[in-house]
Protein chains: 2
Amino acid sequence: MSVIYTSPEDAEDAFYDAIDRGDLDALMSLWSDDDEIVCIHPTGQRLTGHRAIRESWSGIFANNTRFKVRFERRVCWKGVIIAAHSVVEHLYVGGESTPHGPMLSTNVFQRGANGWRLLSHHTSAAAEMSSDSRGDADEKQPRTLH
Amino acid sequence: MSVIYTSPEDAEDAFYDAIDRGDLDALMSLWSDDDEIVCIHPTGQRLTGHRAIRESWSGIFANNTRFKVRFERRVCWKGVIIAAHSVVEHLYVGGESTPHGPMLSTNVFQRGANGWRLLSHHTSAAAEMSSDSRGDADEKQPRTLH
């Protein structure tokens, strides 16, 4: 793939666009060549390496009605060769107008010869009403074991 | 706090050590001064900023029997000022010899005037039997919606 993403944001936009289109090749082209790339799904599956991650997304695209992800970048940290984003995702399945989620993702990127690419995509389900708690919320904390 | 952590690993060791000791001040000293620090718990709570994160961990330490975290760094990516680690955690509650978990964490660090500090700690529960799937596993995939 010859596309060079000049920012982590560009790579991230292309990643979610590939999900929206169900385009597995495009999706996989967004990952770094690093052997140790990591993808953690909301189901708790932790996948490492291109082969496992490709198989996983292939299964997701095969099993689901097409879905679209609307995402909000909440925080972006950018270094010289490593960047990380904290993202909130809303999933629209099929033609539904009400989103599923939200999901919380931490995306880590690396800058290499081909620009910025994904090293890690870690997603988990958000608790309701707590997707952006800032400490002045008075909601009760569930009993949390770390 | 005057301790300077010269590597993300040192900061991470100190972070988990503070958890093990239930030491809230030590735990909070491990975070960057960045206003936008993020902590995502396995319950799906997403907390941003020092105040919210402190309150959250204060609640965790108050609500739980002391617990210890044994962690394995699976992958470390290190840049000049940003680093990220993919970690698998096993929780030992009270005197139990069988761990809870595993939990999966993505920890993001920033190097500043005081050395390396945490920017983001994102933890979610691992699916059983899939904490290190490498694609040659033949387990059935659960129906995954992203």
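The rules we used
- Residues numbered from 1 in each chain as written.
- Chains lettered and ligands numbered in written order.
- Predicted model: local features only at pLDDT ≥ 70, side-chain atom pairs only at ≥ 80, totals over all residues.
- Heavy atoms only, no water.
- Salt bridge = Lys/Arg side-chain N within 4 Å of Asp/Glu carboxyl O.
- Helix = DSSP H or I, 4+ residues; strand = E, 2+ residues; numbered from the N terminus.
- Buried < 20%, exposed > 50% of the residue type's maximum accessible area, 1.4 Å probe, protein only.
- pLDDT = per-residue confidence, 0-100.
- Pairing = 2+ DSSP bridges.
- Axes fitted to C-alpha atoms, helices over the stretch in contact; angles between N-to-C directions.
- Contact = heavy atoms within 4.5 Å.

**Student:** Explain the pattern of salt bridges to me, please; I cannot follow it from the model alone.
**Tutor:** Pairing is possible between side chains of opposite charge, provided their charged atoms come close. Tallying each qualifying case throughout the model produces 16 salt bridges over all chains. With its nearest N and O atoms 3.4 Å apart, the salt bridge here joins Arg51(B) to Glu55(B). Here the residue Arg51(B) and the residue Glu55(B) both occupy positions in helix α3 (residues 50-63), the gap between them amounting to 4 residues, near one helical turn. The class for Arg51(B) is exposed, based on a relative accessible area of 53%. By relative accessible area, which is 36% here, Glu55(B) ends up partly exposed. The network of salt bridges with common partners includes Glu12(A), Asp13(A) and Arg73(A).

**Student:** Explanation requested: the confidence of the model for chain A in the structure shown.
**Tutor:** Close reading of the predicted structure is inappropriate where its pLDDT is low. Summarising the model, chain A shows a mean pLDDT of 88, and 86% of its residues fall at 70 or more. Under the prediction, the complex receives an ipTM of 0.88, its pTM being 0.88.

**Student:** Can you walk me through the sheet that holds strand β6 (residues 115-125) of chain A in this structure?
**Tutor:** Strand pairing in a sheet relies on backbone hydrogen bonds. The paired strands run either parallel or antiparallel. Residues and elements named next belong to chain A. If you trace the 6 strands from one edge of the open sheet to the other, you get β2-β1-β6-β5-β4-β3, paired in mixed fashion. At either end of the open sheet lies a strand with only one pairing partner, and these are β2 (46-48) and β3 (67-78). Put simply, the sheet's adjacent strands are angled 25 degrees from each other on average, direction ignored. The strands touched by helix α1 (residues 8-21) are β3, β4 (82-93), β5 (100-112) and β6; relative to β3, the strand with the most contacts, the crossing angle is about 165 degrees. Contacting β1 (38-40), β2, β3 and β6, helix α3 (residues 50-63) crosses the sheet at an angle of about 130 degrees to β2.

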